[in-house]
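# Residue-level structure breakdown
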Protein chains: 2
Amino acid sequence: MKNNLFEHIPAELAEEFFETLQESGAVKIERIVSRGHATPDGEWYDQPWDEWVVLLSGSAVLEFAGERTPVTLCAGDYLLLPSGCVHRVAWTEPDVDTLWLAVHFNR
Amino acid sequence: MKNNLFEHIPAELAEEFFETLQESGAVKIERIVSRGHATPDGEWYDQPWDEWVVLLSGSAVLEFAGERTPVTLCAGDYLLLPSGCVHRVAWTEPDVDTLWLAVHFNR
């Protein structure tokens with residue numbers, strides 16, 4: 001009945017690991033594990049829904065299209081990525097698991 | 001723009017601390033800090049919506065109305081409390097912060 005966010009992570013991660021933990025019509029809860037991965041150069045996330053995301057281990061840098069300063073995230077940091085907030089993961093810490101919990105939802 | 005889940009927790013907690021981090025029509029994301037607190041004797045949560053909850057620090061025991069065995073939660077443990085799943089917090093670890101992140105949503 002219970003599971004653990006920090007378990008059952010593949011030993012080898014050729015790419016970022018995305019896993020849907022819970023999904024209903026209104027909301028999707030996802031864990032993401034990065035191990036030095038970043039969004040491929042020139043690619044951006046441009047989502048027509050809101051995403052609330054918290055980083056639970058490791059560290060990362062998010063960058064935003066336009067003039068906004070990159071944001072460094074450490075364990076416990078969370079932020080809202082509103083619909084239309086064009087962003088990418090510029091960097092994640094190498095050699096450790098950067099674990100994200102993302103809640104995607106429609107307003 | 002960013003905040004941290006583990007910061008800005010009141011020094012004194014006479015009762016459990018509930019804080020809404022994000023809310024829209026479909027979803028409410030809440031952090032809860034318990035410091036040895038439990039649901040008052042004889043009280044139960046009986047919610048007409050689903051709740052997905054993860055424990056991020058400390059530890060706790062949830063109990064369920066009826067015959068189900070109590071569930072002990074440690075850091076990283078998560079579970080779904082479906083609508084109508086009558087439950088209470090029987091115990092949280094004394095002297096440390098048990099931090100919960102709860103996502104309440106309607107199916």
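See the structure printed just above.
A brief look at the structure comes next.

Parameters at a glance
Residues numbered from 1 in each chain as written. Chains lettered and ligands numbered in written order. Predicted model: local features only at pLDDT ≥ 70, side-chain atom pairs only at ≥ 80, totals over all residues. Heavy atoms only, no water. Buried < 20%, exposed > 50% of the residue type's maximum accessible area, 1.4 Å probe, protein only. Helix = DSSP H or I, 4+ residues; strand = E, 2+ residues; numbered from the N terminus. Pairing = 2+ DSSP bridges. Salt bridge = Lys/Arg side-chain N within 4 Å of Asp/Glu carboxyl O. Least-squares fit on C-alpha atoms with pLDDT ≥ 70 in both. Contact = heavy atoms within 4.5 Å.

## Concerning the pairing of strand S4 (residues 50–57) of chain A
Residue and element names in this part refer to chain A. Burial analysis of S4 places 8 of its 8 residues in the buried class, the great majority of the element. With 4 bridges connecting them, S4 and strand S7 (residues 77–81) associate as antiparallel partners. Within S7, the residue paired with Val53 across the bridge is Leu79.

## Notes on the pattern of salt bridges
Residue and element names in this part refer to chain A. Across all of its chains, the model carries 12 salt bridges over all chains by this definition. Two residues, Asp97 and Arg35, come together in a salt bridge whose shortest N-O distance is 2.5 Å. You can see Asp97 sitting in the loop between strand S8 (87–92) and strand S9 (98–105) and its partner Arg35 sitting in the loop between strand S3 (27–34) and S4, a full 62 residues away along the chain. The partly exposed category is assigned to Arg35, whose relative accessible area is 25%. The partner of Asp41 in a salt bridge is Arg88, and the shortest N-O contact between them spans 3.8 Å. Linking Asp41 in the loop between S3 and S4 with Arg88 in strand S8, this pair joins segments that are 47 residues apart in sequence. Overall, the relative accessible area of 7% leaves Arg88 in the buried class. Each member of the salt-bridge network shares a partner with another, and the members are Asp41, Glu63 and Arg88.

## Topic: the relation of the copies chain A and chain B
Superposing chain A onto chain B takes a rotation of 180° combined with a translation of 0.0 Å along the rotation axis, leaving an RMSD of 0.0 Å. In the structure described here, the two chain copies are related by an operation that fits a two-fold rotation axis. Relative to the rotation axis, the C-alpha of A:Ala26 is the closest in chain A, positioned 3.0 Å from it. Most of the interface of chain A is mirrored in chain B: 100% of its interface residues are interface residues there too.

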